[in-house]
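For reference, the chains in residue letters:
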Amino acid sequence: LVSRKKKPNDTVVDIGGIEVGNGNQQFVMGPCSVESHQQVDAVASVIKQKGIQLLRGGAFKPRTSPYDFQGLGMEGLKILRDVGDRHGLKVVSEIVNPRDIEPAHEYLDVIQIGARNMQNFELLKEAGKSNRPILLKRGLAATINEFMNAAEYIISQGNGQIILCERGIRTYETSTRNTLDITAVPVLKKETHLPVMVDVTHSTGRRDLLLPAAKAALAIGADGIMAEVHPDPATALSDSQQQMDIDTFNHFMDELQAFYKMD
Ligand code: PEP
Ligand code: MN
């Protein structure tokens, strides 16, 4: 069902009136983790000023170490919703447990499924029963075919509102956190009718590469960009090495808007 052979026209994902796909590009910006109301609010007001409509922030964090900050859970989703409403932003957050999909409907406009859960089939099936758009990230070591099959799990349960997100894959290269598979964008857009975004933060893991990676993503046909922004990255409870501070974010958006005219 995700195949373009079945549906030749681009799917437009509708996030409460904000469209992604078929020429509509959107930016998803916000902190790696929701840490406090004040922290999310600081980011929301600056992204709003730049015309961004989608706010992200992790509340259930899939961390490599069990001793690292695990996120604020449902409390984090409440903060995100509250800040989103205050600023007129739609909100996106990752859900990791199939049982949390249903309760998350109260707070989220888009449900994110993270790279580590791309083949959590019970989670995918539950997402397929949701009436919220799903932002599905490519697995750390997933082929394009496996990625498409993960999306198939969602659409086969009835939910065709899916945004695919390339976020870098594991290779032998160590100069970036992951290797951004930039041609995944045109391959996915050729093989499927779904919109495709690029997460420049988790793919590169390097602040100095966010802008060139975002330019490349837009130039190659991505339907949007995800990146992390934090008011004080040095004190961030997760991904402190790669999030943009406010000044860097403003510069990033100015450069990108000059490079590529947005609607
Ligand atoms: C995230 O976007 O917060 C995240 C954890 O990304 P990924 O699943 O791509 O690692
Ligand atoms: Mn992160």
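Computed from a predicted structure; not experimentally measured.

Draft legend 1. Summary view of the sheet that holds strand 4 (residues 54-56). Taken in spatial order, the 8 strands line up as 3-4-5-6-7-8-9-10 and close into a barrel, and their pairing is parallel. Averaged over all adjacent pairs, the angle separating strand axes in this sheet is 25°, with direction ignored. Relative to strand 6 (residues 110-113), strand 5 (residues 90-94) runs parallel, the two being bridged by 3 bridges. Each bridged residue has a counterpart across the sheet, and for Glu-94 the counterpart in strand 6 is Gln-112.

Draft legend 2. View of the packing of helix 1 (residues 37-49) against helix 2 (residues 74-87). Orientation of helix 1 relative to helix 2, taken along the N-to-C sense of each, is 35°, at an axis distance of 10 Å. Helix 1 and helix 2 meet at a crossing whose hand is right-handed. Here His-37, Val-40, Asp-41, Ala-44, Ser-45 and Lys-48 of helix 1 lie close against helix 2, whose contacting residues are Ile-79, Leu-80, Asp-82, Val-83 and His-87. Looking at side-chain class alone, the contact of helix 1 with helix 2 contains 5 nonpolar, 3 polar and 3 charged residues.

Draft legend 3. Region of interest: the nonpolar core. Counting residues in each nonpolar core, the largest one holds 73 residues, and the members touching the most others are Leu-55, Leu-136, Ala-151, Ile-163, Leu-164 and Ile-225. Per element, the largest residue contribution to this core is 6 residues, and it comes from helix 5 (residues 144-155). Dropping the residues within four chain positions of it, Leu-55 is found in contact with Met-29, Gly-30, Ala-44, Ile-47, Leu-80, Val-83, Gly-84, Leu-89, Val-91 and Val-92.

Draft legend 4. Representation of the environment of Phe-69 within the structure. By secondary structure assignment, the location of Phe-69 is in the loop between strand 4 and helix 2. What makes Phe-69 partly exposed here is the crowd of 15 C-beta atoms within 10 Å. Taking the C-alpha atoms as reference points, Phe-69 and Asp-245, separated by 176 residues in sequence, lie 20 Å from one another. Sequence-distant contacts of Phe-69, defined by excluding residues within four places in its chain, comprise Ser-33, Lys-61, Arg-63, Leu-237 and Ser-238.

Draft legend 5. Structural context of unusual backbone geometry. Look at Asn-22: it is not a glycine, yet its phi comes out positive at around 50°. Within the element layout of this structure, Asn-22 appears in the loop between strand 2 (18-20) and strand 3 (26-30). Residues other than glycine seldom take positive phi values, yet Asp-239 does so here, at roughly 50°.

Thresholds applied
Numbering of residues starts from 1 in each chain and follows the order in which that chain's sequence is written. Chain letters and ligand numbers both follow the written order, the letters beginning at A and the numbers at 1. Residues qualify for local features only when their pLDDT is at least 70, as the model is predicted, and side-chain atom pairs are given and counted only at 80 or more; totals for whole chains, interfaces and linings, by contrast, use all residues. Strands are treated as partners if at least two bridges between them are detected by DSSP. Helical segments are the DSSP runs of H or I of at least four residues, strand segments are the runs of E of at least two, and each set is numbered from the N terminus. Whenever a helix is involved, its axis is fitted only over the stretch in contact; in every case the axis is a line through C-alpha atoms, and angles between N-to-C directions fall within 0 to 180 degrees. Here a crossing is called left-handed whenever its near helix is offset anticlockwise from the far helix by less than a right angle, and right-handed whenever the offset is clockwise. Residue pairs are scored as contacts if the distance between their C-beta atoms, which are placed from the backbone, is within 7 Å. Polarity classes work like this: nonpolar for Ala, Val, Leu, Ile, Met, Phe, Trp, Tyr, Cys and Pro, charged for Asp, Glu, Lys and Arg, and polar for all others, with Gly in that last group. Here, a nonpolar core means buried Ala, Val, Leu, Ile, Met, Phe, Trp, Tyr and Cys residues linked by C-beta atoms lying within 7 Å of one another. Each residue is classified by how many other C-beta atoms fall within 10 Å of its C-beta atom, where C-beta atoms are placed from the backbone; a count of 20 or more means buried, 12 or fewer means exposed, and values in between mean partly exposed.

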